[in-house]
Structure formats: C-alpha cells, structure tokens
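As a plain string of letters, each chain reads:
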Amino acid sequence: MKVLKFGGTSVGSAASIRTLLDIVADELARGERPVTVLSAMSGVTNLLLAAAQAAAQGQPNDRHLAELEVRHFEVVKALLEVPRQNPVLTRLKLFFNELEDLLHGIRSLRELTAQTLDLVLSYGERCSTFMVSSIAASRFPQACFVDASELIRTDAHFGQARVETPLTEQLIRGFCQEHPDRLLFVTGFIARNEQGRVTTLGRGGSDYTAAIFGAALNATEIQIWTDVNGMMTADPRMVSKAFSLPELSYTEAMELSYFGAKVIYPPTMIPAFLKRIPIVILNTFDRSFAGTTIRHDCQASPLAIKGISSINDISVINVEGSGMVGKAGFSGRLFSLLAREQINVILITQASSEHSITFAVAPHDARRAQELIGQEFELELQARKLELPRIEPGLAVLAIVGENMKQTPGIAGKLFQALGRNGVNVRAIAQGSSEYNISVIIGQADLAKALNAVHDAFFVELTKTLHVFCLGTGNIGSTLLRQLHAHREFLREQNGVQINVVGISNRRRMLIDPSGIGLDAWEHALQNGASEPADLAGFIGRMKALNLPNCVLVDNTASPEPAEFYAEALAASISVVTCNKIANSASYAQYRDLHDAARQHGVDFYYETNVGAGLPIIRTLKDLRTSGDRVERIEAILSGTISFIFNHFRGAAAFHDIVREAQQKGYTEPDPRDDLNGRDFMRKMLILARDAGHALEPDDVIIEPMLPASCLSAPTVEAFYQALEAQADYFNRLKAQAEQAGKVLRYIGRLKDGQVRIGLDMVDASHPFYQLSGADNIISFTTERYKERPLVVKGPGAGAEVTAAGVFADLINVGTR
C-alpha cells in the first residue's frame, strides 16, 4: 500500500492531470493499489479566500465564482468524452451553487467566522478531487471519490484543527476494509469535528491528510508529488545554486519545513515518524528524478549541514526589565498567555542574565501580542520593573539544519563569518542543545544575500561566486575582462570560483545586469545594448542597493573620482580591488581610514598593482611584517619608463633619443615628463612606506629630479625634447662618470629610518640593480632575516597584460586571506 499526494500544480491543468493519472496507472501496473490524496487546483484556495473576504465586506462574488467554474469545466471538457461530461459538470455545478449560497450568507451578515471560512475553503478540495476521480473513472472503473471530512475527526479549532488520531484511524481502516477493490481519490486538507462541522488542517494540510491515511493503513511509502525536484539545500528562487537532497532524516525535514521550506507541511512528518513510514518528495513534471526520501535510517552524509531554510517576514518582540531577573515562572506566564491567545511563537532566545527575552512572531500577531503583554504585566510596567515591549518589524529568520552539526566543530563560526563578511547584522540567535539547528534573525532586506553567502560557505563542492562591478574599460579594464572570460572554466574547476560581472562603467556609458553580463560581448552591450549614460554615484548606489553577497568593486581607472567612493563601498561590506594608486597615496588619514574600514567591516581592500603591476610586492611586504620580520631598508626602481631609459643609456646612445624611443614604444605618457618628474614613483614609494608602518604624507617624500629645470619647465612636449637635447652634455657627463667607475646610472627610491628619498644614483656590479634590463621593475627588501642577502623581486612592472593579471590575482583572492 502506498499513499500518493498530489499538490495544486499537479491538478492545476488538463496536462498535469493526465500526468497524474499516468503515475497512478504505473502504480497499478506494479500491482499496487494506491490511495491518492488531492489538493485544490493551484490558486483556487487563494481564490476562495478572496471570495470569502470580499463577501464579508459586502462585495459581489460573481467574478470569483465564474473563474472557479471556468477552470474546472475547461479541464472536464478537455479530458472527458462528451457523453461522460454531463454528470460531472452537473455535480460540480451543485458544488458551486452551494458555495454561492454560502457566500451570499456571509455577504448578508457581513461576518466571516473561522468556522465559515473552513467550509468555504473546503470546496477547493471537494471540487478538484471529485473532478479528478471522475476523469480517472474513465480509465480506472474502480476509481472512487472519498470526502475525507467523513473519515478524519478533529477538535473544533477551525483553521488548524488537531486530529483525534485513534478515532480517525479506526474510521479510515473501516472504510478501506469495506471497499477493498476501490481506487480511492481522497480530498486533502479537510476534516470534521464531533458536531459534524467541516474543519481544515491548516494551509498545506493535504500533505497531512496523506500522512494520516498512510499511518492508518500502515503504508509502505507516502509520496508527495509537487512541482520541484524534492527538498533542496535552499530556496531555489533565492539561491540559484541550490540542489536537491537525496535523503533527509525526519528531524532534518521537520526543522527545514518549519523554517520555511514549503515543499512539505511540517505536521505531515509526525504520523509518518511514529510509524517509520518513508516520505518521498517527487516532481510530477520530472518523473525520472529520484526526489528526496525522508526516513529514520538515513545513510551517513559527508555534508556538515543538509539545508538552509528561512522565513522571510517576521516581527521580533523584546521584553526586558529588572523584574524578570530571578523571577520564577515569568517565562511560563508570558508564553502561556501567548498560547492561550493562539499566537504562534516562531523563535525564542533569552540572555543568561535573565534581563531580557526576545521572541519572533508573524507580523500580523505582533501588535496584539504587545497589547496582551501590556495587559498581563500591567503592575510590573507601572512599577517600572518591566519596559514596554518593543516591536521590531521587517526581519527574517535564517536557519541552518543538519544532524551532522552535532559532531562538527566550527559550524557556528563558519555561519557567522559568512554573515559578517557580507555585512549581515545578526539581531538574535537561537540553538537547541540537540544542535540540529542554528537560527539567526536578520534584516529582511539582507535575506537573499545571507542565504547565498551561507550556501557558498557550507557547500564547498560548489563554486564561490564573486559579484563584480568594474570601473574603467581602457587598456587594463578591457584586458582584465578578456582574461576573466578566457579563464572562466579554469577558475571554476581549479579554484572553485565563479566571477559574475554584474556592472561595467566607463566615462560615457554604464551597464548593470544582476544576472551577469556576458564577457564575450560586453563591449557591444555597453555601447549598443541596455546601457545608460554613466553616473558614478548612481553606479555605486545601485551596486549597494542590489545587496549581493561576495560583492567586489574593481577600479581599473587612473581617475581620482572612484577613490571618493571606496569608503562607502567598504562600509557596505563590499570589497575593493584597485590598480588606481590615488586613494592610497593621498593623505595618510585617507589611507588609514580605508584600511580601518576594510578591517571593521570584514572585507578586503587589495591594491597589489598600485606599486609593481603584477609583481608580488605589496603581498611580499605584508607577509614579511605579518610573520614578525622587521623591515630595515627598501630600495626600488618602480618605473618601467625610467628603467627602460637608463638600461639603454649606454655607449653612443643620446639621452633624448632614448626618451623619444620610449615614448614611441608606448612606455611613457603623451608628455614624458609625467613619468620622468618622479611623481608617480613617489606615490609608489609612499604606499610602500605606509605599508611598512610609517605614517608619511606625500610632502615627506624627497624627490631629487633627474631632469634639469629647463626641461621640466618647457611649455610643450616638442620644446621639452629641444631642452633635453640641449642638455646632452649634462647627461653624457653623468654616463661617462658612471662608466669610468665601473657603475651604471639608476633612478632609485629608498626607504630607510622612516624616510623616503628618490634620486639618481650610480651602482656597481655588487648591487642587485646593476643587471637590470629592459623595462623591468626591481625591489629589494633588507630585513632582520634578509640582512646579508636582501630579498629581491624583479620583473615587468608595467603593461596592460601584467597589470590586469595583478588585478585578476587580487580579485580571486577576495575572501581567502
């Protein structure tokens, strides 16, 4: 014996009902004779509720009744031959007439009681089940319509009645024994009390009906056929990476369903649990999928948690005061009051000081709960032993669930790290001693971000998604996007990282797409697609408003404007990756504020490319200091342009010719003085000095110019070259002096004793900078550990490819260090 329950979508159309009957036929072919429990057609319960509420306000119901009739009649006409239609349509019409009379009575009285509402709602299951059983009879002559209200007995708690199990099971077994050869199609959701009044088992109660029948008949299996592939690790509407779970224990399933997993109704598990009957969640529209089996003897799972569930709209009430401390029975008095008034408490947490109790309720119960507490504890409030209870609306519950949590250390730490890193503030925490569930209350606006962040943290076999907003589409920006596109599969397979570029902006246009921008055609989309005029403040505002988990702002510009928004992004728990050195080389106060903001909000501020493009200079310095080493001296050549010029200034070469060659090769800015005046070099050395622990300002850096004053003051670029040529003797004397001493000219930045000096120097073959070639950068760290032989980093320090690669490396390291 199996019990098959089909939800609203499974009976919502002619096509889905055909599938339903095929499933029943498969069971019959296997020698089974299942009991089939049916919900109302999808949307009908809401339609009936709206009709009842409209009637109570004196409004007509013609539209509701017409829609109800059309939906059922269309299915009958689609699935039954014409000679068979009339009896079914007539019976359905009688149901609709009864419902119309009932709604007329509600409208006349302007009153809708819970008892009357249950009767109205019962017509959804009655109509759908009678309709499907009649259609089934055309294929299975033994099909029989069963009104469950004739068999299931409950108390008079209308809306969510409690089942009288012994009597109910006796009635069900008796009916089945009287009809051993019939194929039963049973109404879900509805029952009857001792007085013969129709009651309902709560929204989703058709699952409960299936479990009640399964327990009464000692079924081998209860199948819940719905429109999803079993129970999933999270709500797939909010977490795109959610996946189906093959197996759950009863406890895990109850915890998940209680905290918002709508696939199965929580009380369903209780009758099945008591009889140890497996419950299988299956998909009517994907019959090949194995679904999720809920049973008592689950196989061991490698997963630390099984799922993440949520309730997306709650209110929290906080009761506090000195009158609670050490007061025996206070909690009992409080929660007994709420229970008497039928206010469901979703979650409770209490401080160990006993000074406060926080509990969560549905928003529609919050104001009434506050008033009831005010009445019950009136004397304590007057004596100021209690504060007036405070309501905090607009909150949500997120719960992680799994039996393995009990044996796995660090679960709570991983949860709070994932939330904290994404700027999700936890308002309250609850965990039972069983350790099957850790629940947190957070802001409703943060729920989607929190679910995705926690899901990424716990299900490590999935890729971590970084949501990226890119500023700048010049050489570096466009190269980075090309690199990200080219290496997307490698990142996913080898690093477990998926880069989802959500926003791209340059000075002219910007494009934001929460689902991700295709990197194979981003240029076309930015220029001709759904882009809009660039607005940097608007771009940052929308980035914050989307509130995505693991969000990163990438600045590939050289403009001062983006730097003004770094602090705002960091404060919104958005990491910043930048090759733009302006923010870090401005005032020391700004440098310190940005680093403090990143630390305070638990996000990353990476800027490796500020100093040496793709060379690991910043990270090397930080690792030295983090490991306890003390930096005594730093020497560096951090300009590819200057490096190229002095590496080629030898033999008969003229200085001005080499500068012009460097410009032609693209090593310099349009005006070479922007490179040769040492200002860019100064910024890089200043950043290094600050990262080495020195609170320096830009004016503290001493720059000894390599160019004579006449060259620097020339009014145009061509005039600059003329002045440079006029100074040929000056440069040739320097070259000759160096060659005579067996040395070479190098423009070197030095940090020592907290002072930074940049100037032209001559070094011999014993110095690490002697052999420098091409346009390479080089830096040497002399530390307590690397004193005799300094630690040297050398390589290309400029160019779009290596700089973009450095940004790339910073980006994929977000959240890993």
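Cut-offs and rules
- In this numbering scheme, every chain counts its residues from 1 along its sequence in written order.
- For this predicted model, a pLDDT threshold of at least 70 governs which residues receive local features, and a threshold of 80 or more governs which side-chain atom pairs are given and counted, while totals over whole chains, interfaces and linings are taken from all residues.
- Values shown for side chains rest on all heavy atoms present in the structure; no hydrogens or waters enter the calculation.
- Only the stretch in contact is used when fitting a helix axis, every axis being a line fitted to C-alpha atoms; angles between N-to-C directions are given from 0 to 180 degrees.
- In this description a helix means any DSSP run of H or I spanning at least four residues, a strand means any run of E spanning at least two, and both kinds are numbered starting from the N terminus.
- The sense of a crossing depends on the near helix, which, turned anticlockwise from the far helix by less than a right angle, makes the crossing left-handed and, turned clockwise, makes it right-handed.
- The criterion used for residue contact is that any of the two residues' heavy atoms lie within 4.5 Å.
- Residue polarity is assigned by list, with Asp, Glu, Lys and Arg as charged and Ala, Val, Leu, Ile, Met, Phe, Trp, Tyr, Cys and Pro as nonpolar; anything else, Gly included, falls into the polar class.
- Within this document, salt bridges are pairs made up of a side-chain nitrogen of Lys or Arg and a carboxyl oxygen of Asp or Glu, the two lying within 4 Å of each other.
- When accessible area is computed with a 1.4 Å probe and restricted to protein chains, residues below 20% of their type maximum are described as buried, those above 50% as exposed, and intermediate ones as partly exposed.
- Pairs of N or O atoms are called polar contacts if they sit within 3.5 Å, as long as, within protein, a hydrogen donor faces a hydrogen acceptor (for residues adjacent in sequence, only side-chain-to-side-chain pairs).
- DSSP bridges decide pairing: two strands pair if at least two such bridges lie between them.
- Small angles under 35 degrees read as roughly parallel and large ones over 145 as roughly antiparallel, with 65 to 115 read as roughly perpendicular and the rest as oblique.
- Cysteine sulfur atoms are paired as a disulfide whenever they fall within 2.5 Å.
- By this rule the span expected of a helix is its residue count minus one, scaled by 1.5 Å.
- It is the directions from the helix axis to the C-beta atoms whose arc is reported.
- Residues enter patches when their relative accessible area tops 30% and they take part in no salt bridge; the joining distance is 9 Å for like charges and 5 Å for the nonpolar side chains Val, Leu, Ile, Met, Phe, Trp and Tyr.
- Using a 1.4 Å probe, accessible areas were evaluated by the Shrake-Rupley method; residue-level cover was limited to the displayed protein chains.
- Just so you know, the count uses Lys and Arg for positive and Asp and Glu for negative, and it drops His and the chain ends.
- We put the charge of a Lys on NZ, of an Arg on CZ, of an Asp on CG and of a Glu on CD.
- Stacked, tilted and edge-to-face pairs are distinguished by plane angle, under 30 degrees for stacked and over 60 for edge-to-face with tilted covering the rest, among Phe, Tyr and Trp rings (Trp via its six-membered ring) whose centres lie within 6.5 Å.

Novice: I tried to follow the packing of helix α2 (residues 44–56) against helix α4 (residues 82–109) on my own but got confused; where do I start?
Specialist: What describes two packed helices is the angle between their axes and the distance between those same axes. Two elements in contact, α2 and α4, have axes separated by 7 Å at closest approach and are oriented at 35°. Crossing handedness for the pair α2 and α4: right-handed. Contacts from L48, A51, A52, A55 and A56 in α2 reach L99, L103, I106 and R107 in α4. Per-class residue counts for the contact of α2 with α4 are eight nonpolar, no polar and one charged.

Novice: How do you make sense of the environment of L4 when you look at a structure like this?
Specialist: Tracing the sequence through the fold places L4 in strand β1 (residues 2–6). When the C-alpha atoms of L4 and I279 are compared, they prove to be 10.0 Å apart, with 275 residues separating the residues in sequence. With residues up to four places along the chain from it excluded, the contact list for L4 reads I23, V24, E27, P34, V35, T36, V37, Q223 and W225.

Novice: Whenever I open this one, the pattern of salt bridges confuses me. Can you help?
Specialist: Between side chains of opposite charge, a pair can form as their charged atoms come close. Overall, the coordinates contain 41 salt bridges when judged by the stated rule. Among the ionic pairs, R126 bridges to D147, the shortest N-O distance being 3.8 Å. Of this pair, R126 sits in helix α5 (residues 114–137) while D147 sits in the loop between β3 (143–146) and β4 (153–154); the two residues are 21 residues apart in sequence, bridging distant segments of the chain. Among the residues examined, R126 registers a relative accessible area of 10% and is labelled buried. We classify D147 as buried; its relative accessible area is 16%. Taking the shortest distance from any N to any O, the salt bridge between E718 and R660 comes out at 3.9 Å. Residue E718 is located in helix α28 (residues 717–726), and its partner R660 is located in helix α24 (residues 655–664); the two are separated by 58 residues in the primary sequence. R660 sits in the partly exposed class, given a relative accessible area of 31%. Through salt bridges that share partners, R630, E632, E784 and K787 make up one connected network.

Novice: Can you help me understand unusual backbone geometry in this one?
Specialist: Of all residues except glycine, most have a negative phi; of all peptide bonds, most are trans. Phi at R276 takes a positive value of approximately 55°, unusual for a residue other than glycine. With respect to the helices and strands, R276 occurs in the loop between α9 (269–275) and β10 (279–283). Owing to a relative accessible area of 53%, R276 belongs among the exposed residues under this scheme. The phi dihedral of A613 is positive, around 55°, even though this residue is not glycine.

Novice: How should the side chain of S244 be read in this particular structure?
Specialist: Tracing the sequence through the fold places S244 in the loop between β8 (221–226) and β9 (247–249). A polar atom in the side chain of S244 sits 2.5 Å from the backbone oxygen of N229. Setting aside its immediate chain neighbours within four residues, S244 contacts N229, M231, M232 and F289.

Novice: Would you mind showing me how to read the sheet that holds strand β26 (residues 702–703) here?
Specialist: For sheets, the rule is that strands pair by backbone hydrogen bonds, running either parallel or antiparallel. Pairing in this open sheet of six strands is mixed, and the strands run β26-β28-β27-β25-β29-β30 from one edge to the other. Only two strands of the sheet have a single neighbouring strand rather than two, namely β26 and β30 (791–796). Pairing of strand β29 (residues 776–783) with β30 involves six bridges; the strand directions are antiparallel. Among the inter-strand pairings, S780 is bridged to a residue of β30, identified as V792.

Novice: Would you explain the sheet that holds β9 in this entry?
Specialist: The strand order β3-β5-β2-β1-β8-β10-β11-β9 describes an open sheet built from eight strands, whose pairing is mixed. Of all the strands in the sheet, just β3 and β9 have a single pairing partner and so form its edges. The mean angle between the axes of side-by-side strands here comes to 20°, regardless of whether they run parallel or antiparallel. One ladder, built from three bridges, connects β10 with strand β11 (residues 292–295); its direction is antiparallel. Along β11, the bridge assignment pairs I279 with I294.

Novice: Would you explain the packing of helix α6 (residues 165–178) against helix α7 (residues 205–216) in this entry?
Specialist: The contact between α6 and α7 brings their axes to 9 Å, and the two run at 75°. With respect to their mutual orientation, α6 and α7 come out roughly perpendicular. Of the residues in α7, those touching α6 at T168, E169, I172 and R173 are I212, F213, A215 and A216. Here the contact of α6 with α7 is built from residues that sort into five nonpolar, one polar and two charged.

Novice: How should I be thinking about the state of the cysteines in this particular structure?
Specialist: A disulfide bridge is the covalent bond that connects two cysteines by way of their sulfur atoms. This model, assessed by the stated rule, comprises zero disulfides. Lacking any disulfide linkage, C470 is separated from the closest cysteine sulfur, that of C579, by 11 Å. Given a relative accessible area of 1%, C470 falls into the buried group.

Novice: So what exactly am I meant to see when it comes to α7 here?
Specialist: Think of an α-helix as 3.6 residues a turn; residues three or four steps apart then line up on the same face. Counted at 1.5 Å a residue, the expected span for α7 with its twelve residues is 16 Å, and the 16 Å between its end C-alpha atoms agrees. Of all twelve residues that make up α7, twelve are buried, and the element is covered over most of its length. N218 lies just past α7 and shows a positive phi near 50°.

Novice: Any chance you could explain α24 here in plain terms?
Specialist: Among all positions of α24, only F655, H656, I658, V659 and A662 are buried. Looking down the long axis of α24, one finds its buried residues gathered within 160° of arc, a one-sided arrangement. Directly after α24, the chain includes G666, whose backbone phi takes a positive value near 85°.

Novice: Would you mind going over a negative patch on the surface with me for this structure?
Specialist: A contiguous patch of negative charge, built from D62, E98, E100 and D101, is present on the exposed surface. Counting residues per element, the negative patch draws most heavily on α4, which supplies three residues.

Novice: Hey, could you run me through the side chain of S505 in this one?
Specialist: Mapped onto the secondary structure, S505 falls in strand β19 (residues 497–505). Taking the relative accessible area as the measure of exposure, S505 reaches 5% and is therefore buried. Setting aside residues up to four positions removed in sequence, S505 forms contacts with C470, L471, G472, T473, M510, A534 and F539.

Novice: Can you help me understand the packing of aromatic side chains in this one?
Specialist: For any two aromatic rings, the description comes down to two numbers: the centre-to-centre distance and the angle of the planes. Counted according to the given criterion, the structure contains 20 aromatic pairs. Residues F243 and F459 carry aromatic rings whose centres are separated by 5.3 Å and whose planes lie at 85° to one another, so their mutual orientation is edge-to-face. Here F459 lies in the loop between α14 (447–458) and β18 (464–471) and F243 lies in the loop between β8 and β9, a separation of 216 residues in the sequence. The partly exposed category is assigned to F243, whose relative accessible area is 24%. By relative accessible area, F459 is classed as buried at 0%. When the ring of F681 is compared with that of Y747, the centres are 5.9 Å apart and the planes differ by 65°; the resulting orientation is edge-to-face. Separated by 66 residues along the polypeptide, F681 in helix α26 (residues 679–691) and Y747 in strand β27 (residues 744–752) bring together distant segments of the chain. A residue is classified by how much of its surface remains accessible, and F681, at 2% relative accessible area, is buried. Given a relative accessible area of 1%, Y747 falls into the buried group. Each member of the aromatic cluster is reached from another via a ring pair, and the members are F646, F649, F655, Y730 and F731.

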